[in-house]
Amino acid sequence: MNKFLLVIPTYNEAESIGSLLLELSPLDVDVLIVDDGSPDGTAQIAKSHGVSVLEREKKLGLGSAYRAGFAWGLARGYDYLIEMDADGSHQVSDLERLIGASANFDLTIGSRWVVEGEIENWSKARVALSRSANKYVQIALGISIKDSTSGFRIYSALILRQMKVETMVSEGYCFQIEMTRKALRHGATVAEIPITFIEREFGKSKMSLAIALEAALRTTAWGFLRLFGR
């Protein structure tokens, strides 16, 4: 039987983590919370639900959290490792569909920008920004993936080992772009499954100017490397 580990990075998600874990409980997946020292008690709430919690002393970034979570899962022999946000923007019903599709692919992406993908409660400006950012990634990297920035996805353990996931360097949402790029460079089979993304009800977005700049600069650099054959 394939074993799934769901890795959820958290920082101050006390308002949403309990309800998410209750929703997840009927699924045949194990859960690992990677908590970056949340002062609001997120880690304690997660522990009360009986899931594994990897506690870190301070906020170290999204990429760092996933690298730590993936390393934890690979060391314990999981076959598939899942990324999902804790804030309610990713739906458990969509997760079930991603899991159902993942047996046939190295990387299964929950996509907002394929046919039947949807966004709820975003402004037109934010929709335009995300669409244009993903289009830029497509052009710069020469790839067909429509939602390279999605943080809702499943990797096979095999492709993560081939990619040497511990060597990824990005920390913000650029981590998703870097992982997509590296997976494709290792010949990964990829599926984009439509999801409904709902803007968070609780807490504050982790997006910042620094995170956006990291993604723009690194994507541009990778684009130049591609043009010059590296």
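1. Observations regarding the overall build of the chain
- Within the chain, the regular secondary structure consists of eight helices and nine strands.
- For 230 residues, the compact-globule estimate of 2.2 N^0.38 gives 17 Å, and the C-alpha radius of gyration of the chain, at 17 Å, lies within 12% of that figure.
- Seen along its three principal axes, the alpha-carbon backbone of the chain occupies a region of about 50 × 40 × 35 Å.
- Scored against the burial criterion, the 230 residues of the chain give a buried share of 52%.
- By sequence separation, contacts in the chain at least 24 residues apart represent 76% of the contacts at least 6 residues apart.
- Working note: accessible area of the chain is about 11,000 Å², and carbon and sulfur atoms make up 55% of it.
- Taken as two groups, the 26 positive and 28 negative side-chain charges of the chain have centres that lie 9 Å from each other.

2. Comments concerning the environment of Ala183
- Checked against the element boundaries, Ala183 lands in helix H7 (residues 174-185).
- Residue class for Ala183 comes out buried when judged on its relative accessible area of 0%.
- Ala183 sits 77 residues away from Asp106 along the chain, and the two C-alpha atoms are 8.3 Å apart.

3. Some words on the side chain of Glu214
- Residue position: Glu214 is located in helix H8 (residues 209-227).
- Under the relative-accessibility criterion, Glu214 is labelled buried at 17%.
- Filtering out sequence-adjacent residues up to four positions away, Glu214 remains in contact with Ser170, Glu171, Gly172 and Cys174.

4. A short note on the pairing of strand S1 (residues 4-10)
- Within S1, seven of the seven residues are buried, leaving the element largely enclosed by the surrounding structure.
- Alternating residues of S1 divide into Phe4, Leu6, Ile8 and Thr10 and Leu5, Val7 and Pro9, and every residue in both groups is buried.
- Bridge count between S1 and strand S4 (residues 80-83): four bridges; the pairing is parallel. Opposite Phe4, over in S4, you have Tyr80 as the bridge partner.

5. A closer look at the environment of Arg112
- Within the secondary structure, Arg112 sits in the loop between strand S5 (107-111) and strand S6 (118-120).
- By relative accessible area, Arg112 is classed as buried at 9%.
- Residues Arg112 and Ser150 lie 38 residues apart in sequence; the distance between their C-alpha atoms is 7.7 Å.
- A distance of 2.7 Å separates polar atoms of two side chains, one belonging to Arg112 and the other to Asp147.
- A polar contact of 2.9 Å, which involves the side chain of Arg112, links it to the side chain of Thr149.

6. What about the pattern of salt bridges?
- Taken as a whole and assessed by the stated rule, the structure comprises seven salt bridges.
- Where Arg56 meets Asp36, a salt bridge forms, and the shortest distance between an N and an O atom there is 2.6 Å. Note that Arg56 is positioned in strand S3 (residues 52-56) and Asp36 in strand S2 (residues 30-36), a separation of 20 residues in sequence.
- A relative accessible area of 13% places Arg56 in the buried class.

7. Concerning the side chain of Ser156
- Its location among the elements puts Ser156 in strand S7 (residues 153-156).
- Within polar-contact distance, the side chain of Ser156 engages the backbone nitrogen of Ile159 at 3.1 Å.
- Non-local contacts of Ser156, meaning those with residues more than four positions away in its chain, are made with Asp79, Tyr80 and Asp106.

The rules we used
Residues numbered from 1 in each chain as written. Predicted model: local features only at pLDDT ≥ 70, side-chain atom pairs only at ≥ 80, totals over all residues. Heavy atoms only, no water. Helix = DSSP H or I, 4+ residues; strand = E, 2+ residues; numbered from the N terminus. Rg over C-alpha atoms; globule rule 2.2 N^0.38 Å. Buried < 20%, exposed > 50% of the residue type's maximum accessible area, 1.4 Å probe, protein only. Contact = heavy atoms within 4.5 Å. Areas by Shrake-Rupley, 256 points an atom, 1.4 Å probe, with all protein chains shown as cover. Lys, Arg positive; Asp, Glu negative; His and termini not counted. Charge placed at Lys NZ, Arg CZ, Asp CG, Glu CD. Pairing = 2+ DSSP bridges. Polar contact = N/O pair within 3.5 Å; in protein donor to acceptor, adjacent residues only side chain to side chain. Salt bridge = Lys/Arg side-chain N within 4 Å of Asp/Glu carboxyl O.

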